Amino acid sequence: MGDSTDTLVISHNSIKTKSEYRELIEAILWAVLLAMIIRTCIVQSFKIPSGSMEDTLLVGDYLLVNKFIYGIRIPFTDLRLPMFRAPEHGDVVVFKYPEDRSKDFIKRVIGVPGDEIEIRDKQVYVNGTPYRNPHEVHKDLRVLSRGSNPRDNFGPVRVTADSYFVMGDNRDNSYDSRYWGFVSKPDLVGKAFIKFWSWSKDTWPWQARWKRIGRLIE
Amino acid sequence: MNQEYKPSSDFVSKVMAQVYAYEASKNSFSEWLINHSSIRYALVGGGTLFGILKAAAAF
């Protein structure tokens, strides 16, 4: 009698334990699978560690990027599903840095395929017409000569097919297409559209910048 | 001693078997958490949300 009770208790427990582990592993696998699908196809989050997009994006901002608007990229391939629309002037885009594709960059689209881009004394010209984005800022009053640096005097260059000319909103402190060339279409990751969190790390403890949270990126 | 109340020779082993069975049937807090379907859904949802919001740097 005593032996049979022990046997029953042990077998019952082993079944229950196995089931619980299975449930836990299933929950974890579902979470990983769902997160991977959503990050690959729908939306991915990024944080801003540099000031090249100030004042649109500050260091400590966290944002969501639309992954499907320019065509969903099929993982482990260079293939893309058809895009909803092509990148336009003024879009804030995340892309693979052409000189090191393990890094992601975020900049604003200034030139689309076929555009002629020129910068004269900090003023950007697109197809010969002055182009001024309301979000651009200049924090250095000096104008660098054409020979010394492409920052303030550049081009003209024509944007090739399936490529984009991008610049940071912080024009005097941005490492962008002026220095390393165009972004090719396959390197586009997505379009930044909302800031979902923002830390000011200037002071300790870090302060949340509540007014920036939930703001659309224009 | 009244023979009617005299314990049987295997009384202790029977009681101990019941004690062990009771202890073994008790769930720990973590088991109780995992056993609830709503907790499992919350685990999936929370894990998914964490995976989505885990931010990469964009320079």
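Preceding this paragraph is the structure being described.
The rules behind each value
- Residues numbered from 1 in each chain as written.
- Chains lettered and ligands numbered in written order.
- Predicted model: local features only at pLDDT ≥ 70, side-chain atom pairs only at ≥ 80, totals over all residues.
- Heavy atoms only, no water.
- Helix = DSSP H or I, 4+ residues; strand = E, 2+ residues; numbered from the N terminus.
- Rg over C-alpha atoms; globule rule 2.2 N^0.38 Å.
- Patch = residues over 30% accessible without salt bridge, like charges linked within 9 Å, V, L, I, M, F, W, Y side chains within 5 Å.
- Areas by Shrake-Rupley, 256 points an atom, 1.4 Å probe, with all protein chains shown as cover.
- Salt bridge = Lys/Arg side-chain N within 4 Å of Asp/Glu carboxyl O.
- Buried < 20%, exposed > 50% of the residue type's maximum accessible area, 1.4 Å probe, protein only.
- Contact = heavy atoms within 4.5 Å.
- Buried area = accessible area lost by both parts, 1.4 Å probe.
- Pairing = 2+ DSSP bridges.
- Axes fitted to C-alpha atoms, helices over the stretch in contact; angles between N-to-C directions.
- Polar contact = N/O pair within 3.5 Å; in protein donor to acceptor, adjacent residues only side chain to side chain.

Asker: What is the right way to look at the overall build of chain A in this model?
Answerer: The helix and strand tally for chain A stands at two helices and twelve strands. Ordered by position in the sequence, the α and β elements of chain A form the string α-β-β-β-β-β-β-β-β-β-α-β-β-β. Here the C-alpha radius of gyration of chain A, 25 Å, is well above what a compact globule of 218 residues would show, namely 17 Å. Reported as C-alpha extents along the three principal axes, the dimensions of chain A are approximately 95 × 45 × 30 Å.

Asker: Please clarify how a nonpolar patch on the surface should be interpreted in this entry.
Answerer: Residue and element names in this part refer to chain B. A grouping of Phe11, Val12, Val15, Met16, Val19 and Tyr20 is seen on the molecular surface, where their side chains present a nonpolar patch of about 550 Å² in accessible area. With respect to the helices and strands, the residue Met16 is situated in helix 1 (residues 11-25). Residue Met16 is classed as partly exposed on the basis of its relative accessible area of 34%.

Asker: It is not clear to me how the interface of chain A and chain B should be interpreted in this structure. Could you clarify?
Answerer: As a measure of interface size, the accessible area lost when the parts come together is often cited. Between chain A and chain B, the residue contacts involve 30 residues of the former and 22 residues of the latter. Counting each side, the surface lost to burial between chain A and chain B is near 2,300 Å², with a carbon and sulfur contribution of 66%. Connecting chain A to chain B are zero salt bridges. Only helix 1 (2-41), strand 1 (43-47), strand 2 (61-66) and strand 4 (104-111) of chain A provide two or more residues apiece to the side of chain A that touches chain B. The element that contributes the greatest number of residues to the side of chain A that touches chain B is helix 1 of chain A, accounting for 14 residues. Summarising the sheet, strand 1 of chain A and strand 1 (residues 56-57) of chain B pair through two bridges and their orientation is parallel. From the neighbouring strand, Lys47(A) faces strand 1 of chain B, where its bridge partner is Ala57(B).

Asker: I would appreciate a short explanation of the environment of Ser145(A) in the present structure.
Answerer: Here Ser145(A) shows up in the loop between strand 7 (129-131) and strand 8 (154-158). Each C-alpha atom, one on Ser145(A) and one on Val126(A), is 20 Å from the other, the two residues being 19 residues apart in sequence.

Asker: Any chance you could explain the sheet that holds strand 5 (residues 116-120) of chain A here in plain terms?
Answerer: Strand pairing in a sheet relies on backbone hydrogen bonds. The paired strands run either parallel or antiparallel. All names here are of chain A. Within the open sheet, the four strands sit side by side as 7-6-5-8. Their pairing is antiparallel. Both edges of this open sheet fall to strand 7 and strand 8, since each of them pairs with a single strand only. Direction aside, the axes of adjacent strands within the sheet are offset by 25 degrees on average. Where strand 5 and strand 6 (residues 123-126) come together, four bridges link them in antiparallel fashion. Bridge pairing links Glu118 to Tyr125 in strand 6.

Asker: Please clarify how the pairing of strand 5 of chain A should be interpreted in this entry.
Answerer: It is a general feature of regular strands that their side chains alternate between the two faces of the sheet. Residue and element names in this part refer to chain A. Relative to strand 8, strand 5 runs antiparallel, the two sharing three bridges. From the neighbouring strand, Ile119 faces strand 8, where its bridge partner is Phe154. The turn joining strand 5 and strand 6, which pair antiparallel and follow one another in sequence, is formed by two residues; a positive phi near 50 degrees is taken by Asp121.

Asker: Would you mind going over the environment of Glu118(A) with me for this structure?
Answerer: All names here are of chain A. By the secondary structure assignment, Glu118 is in strand 5. Given the relative accessible area of 16%, Glu118 is considered buried. C-alpha of Glu118 to C-alpha of Asn153: the two residues are 35 residues apart in sequence and 7.6 Å apart in space. Setting aside residues no more than four positions away along its own chain, Glu118 makes contact with Gln123, Val124, Tyr125, Arg146, Phe154, Gly155 and Pro156. A distance of 3.0 Å separates polar atoms of two side chains, one belonging to Glu118 and the other to Arg120.

Asker: I would appreciate a short explanation of the side chain of Ser177(A) in the present structure.
Answerer: All names here are of chain A. Relative to the elements of secondary structure, Ser177 occurs in helix 2 (residues 177-180). A relative accessible area of 2% means that Ser177 is categorised as buried. At a separation of 2.9 Å, a polar atom in the side chain of Ser177 contacts the main-chain amide nitrogen of Val166. Beyond its immediate stretch of four places on either side in the chain, Ser177 contacts Phe154, Tyr164, Phe165, Val166 and Phe182.

Everything listed here is a matter of coordinates, which is why it stays silent on function.
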